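# Structural overview
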Amino acid sequence: MARRVYRSSELAHFTRCNPEYPCRCRARPIRGHGAPTALIQPMPMDFPAYLTELAALYAANDQALQLAPGVSEDALADAERELGFTICPLLKSAWRRANGSEDAQTVFARPGYLTGYRFLSLQQAMQQWRGMHRRAPQYDGYEDPRPRDVRLQSGWAQQGWLPFAGFHAPILMLILDHSPSAHGRPGQIISFTHDPDAMDHVCDGFAALLPLSLTQIADAPEDLLLE
C-alpha cells in the first residue's frame with residue numbers, strides 16, 4: 001500500500017498563539033478525521049540526511065535553516081547523570097550535530113498537524129523535563145480527556161519522558177519516551193498537548209519520525225516554514 005501524503009487542503013489551519021491566553025494554543029488535526037491513528041510508517045532516516053533535505057526545503061522557500069553548534073560530550077554526560085538514564089543514542093547524535101534551532105524555526109512537524117516544532121537545545125530539553133516533574137504533584141490522579149494509547153504509561157509525567165521539540169513549550173511538545181508501557185517501544189515518540197492536557201503516541205521512534213516530519217513540512221511549507 002502506498003504511503004499516505006497529507007495535502008495542505010486536507011489540513012485545518014493552526015490557530016496562532018494569543019499571548020494573553022497561551023493555553024488556548026493547540027495543534028489541529030486533519031479536518032473531520034481527528035488525530036491520525038494508524039500512520040503507514042515509511043523507511044527510517046538518519047538525522048544528517050534529514051537536515052540536508054530540510055535545509056533544501058528552506059532554501060526552496062528563500063530561507064535558511066539556522067541551527068546551533070552541537071553539544072559537548074560533557075554536557076550530554078551531565079544531563080544523563082541528572083536524568084538517571086541513558087538518552088536514546090539517536091537523539092544524542094542529533095544534539096551532537098545541532099544543539100537546537102532558532103526560536104520560531106520549524107525543525108519537526110507532527111504528522112497530520114499544521115504545527116511547526118522548534119528543536120530544543122539539550123539545556124532547554126532539561127529545563128522542560130524538570131518543569132514537568134516539578135508540576136507533576138499538582139496532577140496526582142490525572143486522567144486523560146480521552147482513553148490513552150496503551151503504549152504509553154499512565155500519569156501526567158514519567159521519569160523517562162524527555163522533551164526534544166516544542167511549540168511555545170511546554171504548551172506543545174514532542175517527547176522521546178524512555179519508559180514506555182509493556183505494550184510500547186523504548187524510544188517511541190509521544191506528543192504533549194496542554195489544555196486539556198493529553199499525551200498521544202506519534203510513532204515508533206526518532207528515526208521513524210524524521211521521514212513523517214519531512215513529508216508534513218514538504219506538503220505545507222506555507223504553513224510550517226514561511227515566517
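The rules we used
Residues numbered from 1 in each chain as written. Predicted model: local features only at pLDDT ≥ 70, side-chain atom pairs only at ≥ 80, totals over all residues. Heavy atoms only, no water. Helix = DSSP H or I, 4+ residues; strand = E, 2+ residues; numbered from the N terminus. Expected span 1.5 Å × (residues − 1). Buried < 20%, exposed > 50% of the residue type's maximum accessible area, 1.4 Å probe, protein only. Pairing = 2+ DSSP bridges. Contact = heavy atoms within 4.5 Å. Axes fitted to C-alpha atoms, helices over the stretch in contact; angles between N-to-C directions. Salt bridge = Lys/Arg side-chain N within 4 Å of Asp/Glu carboxyl O. Phe/Tyr/Trp six-rings, centres within 6.5 Å; stacked < 30°, edge-to-face > 60°.

## Here's the deal with helix α4 (residues 122–135)
Look at α4: 20 Å from first C-alpha to last across 14 residues, which is about the 20 Å you get at 1.5 Å a residue. By the burial criterion, the buried members of α4 are L122, A125, M126, Q128, W129, G131 and M132.

## Here we look at the pairing of strand β5 (residues 161–167)
Burial analysis of β5 places 7 of its 7 residues in the buried class, the great majority of the element. Sheet analysis places strand β4 (residues 116–119) next to β5, joined by 2 bridges and oriented antiparallel. Residue pairing in the sheet places F119 in a bridge with A165 of β5. Pairing geometry for β5 and strand β6 (residues 172–177), over 6 bridges, is antiparallel. By the bridge assignment for β6, W161 is matched with D177.

## Notes on the sheet that holds strand β3 (residues 108–109)
Across the sheet, which stays open at both edges, the 6 strands sit in the order β3-β4-β5-β6-β7-β8 with antiparallel pairing between neighbours. Each end of this open sheet is capped by a strand with a single partner; those strands are β3 and β8 (198–203). Together, β4, β5 and β6 form the strand contacts of helix α3 (residues 89–97), whose direction differs from that of β5 by roughly 45°.

## A short note on the pattern of salt bridges
This model, assessed by the stated rule, comprises 9 salt bridges. Note that R118 is salt-bridged to D103, the shortest N-O span being 2.7 Å. Of the two residues, R118 is situated in strand β4 and D103 in the loop between β2 (98–101) and β3; the sequence distance between them amounts to 15 residues. Among the charged side chains, a salt-bridge network with shared partners connects R110, R146 and D200.

## Focus: the packing of aromatic side chains
For the structure shown, the criterion picks out 11 aromatic pairs. With centroids separated by 5.9 Å and ring planes inclined at 10°, the aromatic side chains of Y50 and F108 adopt a geometry described as stacked. With Y50 in helix α1 (residues 47–60) and F108 in strand β3, this residue pair connects regions lying 58 residues apart in the sequence. Summarising the aromatic geometry, the rings of F164 and F206 are spaced 5.6 Å apart at their centres and angled 75° between planes, so their arrangement reads as edge-to-face. Of this pair, F164 sits in strand β5 while F206 is found in helix α5 (residues 206–219), placing the two residues 42 residues apart along the sequence.

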